[in-house]
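Observations on the model geometry
What follows is each chain in one-letter form.
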Amino acid sequence: MRIILILSTLVAALFSSACSDNIQGPPSTPELTTRGFFKAIYVDRDVNKAKQYVAPSIAELLQHYRIASSVQRHMLNLPMTDVSVEILEVDLDFFRKFSDTTTVVAKLTGQRNGQKWKDDRTLRLEKRRGVWVITEIVPEKMR
């Protein structure tokens, strides 16, 4: 009996949160936010476009560096061209609707110094007013 009660509560919560998400604006997922940020920096090379995916503190840094190549070099420590982005891992499970923070690992593949290069970057995201924003670019671990 308890299981039925718990399941019905979860279903009701999912339906109510789905309805409220539609009212607030377009759907946002950690994957779409991460992919949009890296696409803006590496493919479109547009820092202003990247600002929509980040928290205000990171937006200030983006404004400081002004151009995408500086952001690549100084903030991400990964200058590349001809980049494609693949999402490797999202630290969320079935209860995504109930979590407000996560980390996402993205695999960037492209050209660096004229050679094929693959690298992973980890971003920390937070859900604010129904929209996922990047709050931290996790520093690389030294190998």
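Residues numbered from 1 in each chain as written. Predicted model: local features only at pLDDT ≥ 70, side-chain atom pairs only at ≥ 80, totals over all residues. Heavy atoms only, no water.

For an α-helix, 3.6 residues make a turn, and residues three or four places apart therefore share a direction. With respect to burial, helix α5 (residues 68–75) is a largely interior element, 6 of its 8 residues being buried. Of all the positions in α5, only A68, S69, S70, V71, Q72 and M75 are classed as buried. Looking at the buried positions of α5, the neighbouring elements they touch are α2 (30–43), α3 (47–50), α4 (56–65) and β4 (131–137). One or two positions beyond α5, positive phi appears at N77, with a value near 55°. (Buried < 20%, exposed > 50% of the residue type's maximum accessible area, 1.4 Å probe, protein only. Helix = DSSP H or I, 4+ residues; strand = E, 2+ residues; numbered from the N terminus. Contact = heavy atoms within 4.5 Å.)

A word on the pairing of strand β2 (residues 101–112). Strand direction decides the pairing type here: strand β1 (residues 81–90) and β2, joined by 7 bridges, are antiparallel. Its bridge partner lying in β2, V85 is registered against L108. With 12 bridges joining them, β2 and strand β3 (residues 115–128) adopt antiparallel strand pairing. If you follow T102 over to β3, its bridge partner there is L125. In textbook terms, the turn of a hairpin is the stretch between consecutive antiparallel strands, and for β2 and β3 this stretch comprises 2 residues, one of which, N113, has a positive phi near 55°. (Pairing = 2+ DSSP bridges.)

Quick look at the nonpolar core now. The biggest cluster of nonpolar side chains holds 31 residues, and the ones touching the most others in it are F37, F38, I41, Y42, L62, L108 and I134. Those elements that place two or more of their residues in this core are α2, α3, α4, α5, β1, β2, β3 and β4. A per-element tally of this core places α2 first, with 5 residues. Not counting residues within four places of it along the chain, the set of residues in contact with Y42 comprises Q72, L76, L78, M80, V83 and L108. (Core = buried A, V, L, I, M, F, W, Y, C linked by side-chain atoms within 4.5 Å.)

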